[in-house]
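Below, each chain spelled out in residue letters.
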Amino acid sequence: MTYIKSNKIEMSFSPPYTYFPTTRNIKILRINFLLPLYKFRLTGSCRSLSSHPPQFTYNVPARSRERASRFNYWSIRFKGGLGFNQYPYKMSRTYTSSSPTKDKKPQAPRPSASVVLLSPENQVLLLHRVQTSSAFPSAHVFPGGNLSDFHDGTVPGPDDVKRHEDSIPYRLGAIRETFEESGILIARGDDANVNHLNVPTAERDQARKAIYNNEVRFVEWLRTVGGVADTDNLIPFTRWITPTNQPRRYTTQMYLYMLPLSVSNDPAISAAQSEAMIPTPDGGVEITAARFDYASSWLEKQRKGEIILFPPQYFLLHLVAQYLTGPPPESLDFSQLTEYYRAQREKLREFIATVPTANGPKAAKHPTAQIPWGDKVISPNILGIRQSDKRSILGLDKPGPELRETDRGGDWERVVLVKFGKGVARDVEVRSREDVLAEERQLESTPKETKL
């Protein structure tokens, strides 16, 4: 290792290179620059600087704070020392390259909605996407999809921050898409005494096709069968905005919905009610399978490599699994069993509404800890690549460029570890941000042998 110390070293460079904030490494072709723990100042224009730890970033123009893992052009002025790892060439005081390129304006995220749907036994419904799906191909996902002006109504335009707020169109879209994809109807009767609407199977399947083909408006069809969409009982449960480096972007409002617990121990009533809650595939148009299972079971299947879960689905399953812990350990009668599942739901409701949302003392002081889960907006960004297993470290605290000037935010306390490859996500895991970054710093400080 060569160590150069001077009062000021100035370098300017452009792609291809990557900056890893967790390890303070800049990788340029075959050159690795290790940034020391000295104050430095970042100036110039770039696509992203907001992922740099605040204690290391100074005088960064506001227009330069868009998050990304690849930067276009910038200049670094260091105060103190600069370490060079495995640098095989003669070091010059200044490294220059081509002029900066203009940033492309990111695609406006398309409105969509999705539902974490709970069965009467607090199992979670997941759908298996077809391989040709434009979103999450081959993965297991929550039911949901894009909003439709025809069925759901309109939302504010791309430049309006209210586009990213919970509203009736998002709620109708979530319910309609769930019905189209799984056949499960999140609706109640016009009569206040009917808390869940049941429709015969044949009539339901016919309506799914007609609604999917825009032959009849969803709310109008509900009216003809004496029902209304149960929008009031949808519980907002985070919003996810696709990062700007993806070709297709979405602003997805997530909801939690709890199908009613059995209202009677009469087998006939229970059977009639559960008939409308049995998920049915849509013939392969968008999904290939639909099934209820416990959240912990879905997570275990992902761990074993049996299914694919992308970070949003894994993260929400990880949260609900803390409270929906599966069936009771001992045999219970009907009323005890109902109370058992009701108690799980109440704990989950309390979790979603409670602030602070963080447990660690440092994380609890972060502004995002004061945002309840129903209002959190998450736009994942790569904080770095783990040295041990090469998984990406996804930060969850930022809301995306559309909401940069607002007080919206996600979750600072946790990160998602994931390995992306060939359009799918593997080895997904939720960890403490502080623990993961501490591990990276420890590995960085460990002496390594250098081949001469």
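Residues numbered from 1 in each chain as written. Predicted model: local features only at pLDDT ≥ 70, side-chain atom pairs only at ≥ 80, totals over all residues. Heavy atoms only, no water.

### Brief notes about the overall build of the protein chain
Thinking step 1. Each helix and strand counted, the protein chain has 10 helices and 20 strands in total.
Thinking step 2. Burial statistics for the protein chain: of 452 residues in total, 51% are counted as buried.
Thinking step 3. Surface summary for the protein chain: the accessible area is close to 22,100 Å², and the carbon and sulfur share equals 51%. (Helix = DSSP H or I, 4+ residues; strand = E, 2+ residues; numbered from the N terminus. Buried < 20%, exposed > 50% of the residue type's maximum accessible area, 1.4 Å probe, protein only. Areas by Shrake-Rupley, 256 points an atom, 1.4 Å probe, with all protein chains shown as cover.)

### As for the sheet that holds strand β19 (residues 411-421)
Thinking step 1. Spatial ordering of the open sheet is given by β17-β18-β19-β20, a layout of 4 strands whose pairing is antiparallel. Lying at the two open borders of the sheet, with one neighbouring strand each, are β17 (381-385) and β20 (424-432). Pairs of neighbouring strands in the sheet enclose a mean axial angle of 30°, with direction left out of account.
Thinking step 2. As judged from the 4 bridges shared by β17 and strand β18 (residues 392-396), these two strands associate in the antiparallel manner. Of the residues in β18, the one forming a bridge with Ile-382 is Leu-394.
Thinking step 3. Across the face of the sheet, helix α10 (residues 433-445) comes into contact with β17, β18, β19 and β20 while running at roughly 100° to β20. (Pairing = 2+ DSSP bridges. Axes fitted to C-alpha atoms, helices over the stretch in contact; angles between N-to-C directions. Contact = heavy atoms within 4.5 Å.)

### What to know about helix α3 (residues 201-212)
Thinking step 1. Along its 12 residues, α3 runs 17 Å from first to last C-alpha, staying within 8% of the 16 Å computed at 1.5 Å per residue.
Thinking step 2. If you check which residues of α3 are buried, you get Arg-204, Ala-207, Arg-208, Ala-210 and Ile-211.
Thinking step 3. Directly after α3, the chain includes Asn-214, whose backbone phi takes a positive value near 60°. (Expected span 1.5 Å × (residues − 1).)

### Quick look at the pattern of salt bridges
Thinking step 1. Within this structure, the stated rule accounts for 24 salt bridges.
Thinking step 2. The closest approach of N and O atoms between Asp-166 and Arg-171, which form a salt bridge, is 2.7 Å.
Thinking step 3. A relative accessible area of 31% places Asp-166 in the partly exposed class.
Thinking step 4. For Arg-171, a relative accessible area of 14% corresponds to the buried category.
Thinking step 5. Salt-bridge contacts for Glu-300 lead to Arg-303; the nearest nitrogen and oxygen are separated by 2.6 Å. Here Glu-300 and its partner Arg-303 are both found in helix α6 (residues 295-303), 3 residues apart, which amounts to about one turn of the helix. (Salt bridge = Lys/Arg side-chain N within 4 Å of Asp/Glu carboxyl O.)

### Topic: the environment of Ile-308
Thinking step 1. By secondary structure assignment, the location of Ile-308 is in the loop between α6 and α7 (311-321).
Thinking step 2. A relative accessible area of 8% places Ile-308 in the buried class.
Thinking step 3. For the pair Ile-308 and Arg-426, spaced 118 residues apart in sequence, the C-alpha separation works out to 6.8 Å.
Thinking step 4. Excluding its chain neighbours within four sequence positions, the residues that come into contact with Ile-308 are Ser-138, Ala-139, His-140, Val-424, Ala-425 and Arg-426.

### Description of the side chain of Thr-242
Thinking step 1. Relative to the elements of secondary structure, Thr-242 occurs in the loop between β13 (235-241) and β14 (250-258).
Thinking step 2. Classification of Thr-242 as buried rests on a relative accessible area of 17%.
Thinking step 3. Within polar-contact distance, the side chain of Thr-242 engages the backbone nitrogen of Tyr-250 at 2.8 Å.
Thinking step 4. Beyond its immediate sequence surroundings of up to four residues, Thr-242 is in contact with Arg-248, Arg-249, Tyr-250 and Ser-379. (Polar contact = N/O pair within 3.5 Å; in protein donor to acceptor, adjacent residues only side chain to side chain.)

### Some details on the confidence of the model for the protein chain
Thinking step 1. Chain-level pLDDT for the protein chain is 78 on average; 70% of the residues reach the 70-or-more range.
Thinking step 2. Scored below 50 in pLDDT, residues 1-16 shows 67 contacts in the model against residues more than four places distant or in partner chains.
Thinking step 3. This model gives residues 265-273 a pLDDT under 50, and the stretch forms 12 contacts once residues within four places in sequence are excluded. (pLDDT = per-residue confidence, 0-100.)

### Overview of the pairing of β19
Thinking step 1. Along β19, 8 of the 11 residues are buried, which leaves the element largely enclosed by surrounding structure.
Thinking step 2. Taken together, the 7 bridges between β19 and β20 define a ladder with antiparallel strand orientation. From the neighbouring strand, Val-416 faces β20, where its bridge partner is Val-430.
Thinking step 3. Counted between consecutive antiparallel strands, the loop separating β19 from β20 contains 2 residues, among which Lys-422 sits at a positive phi close to 55°.

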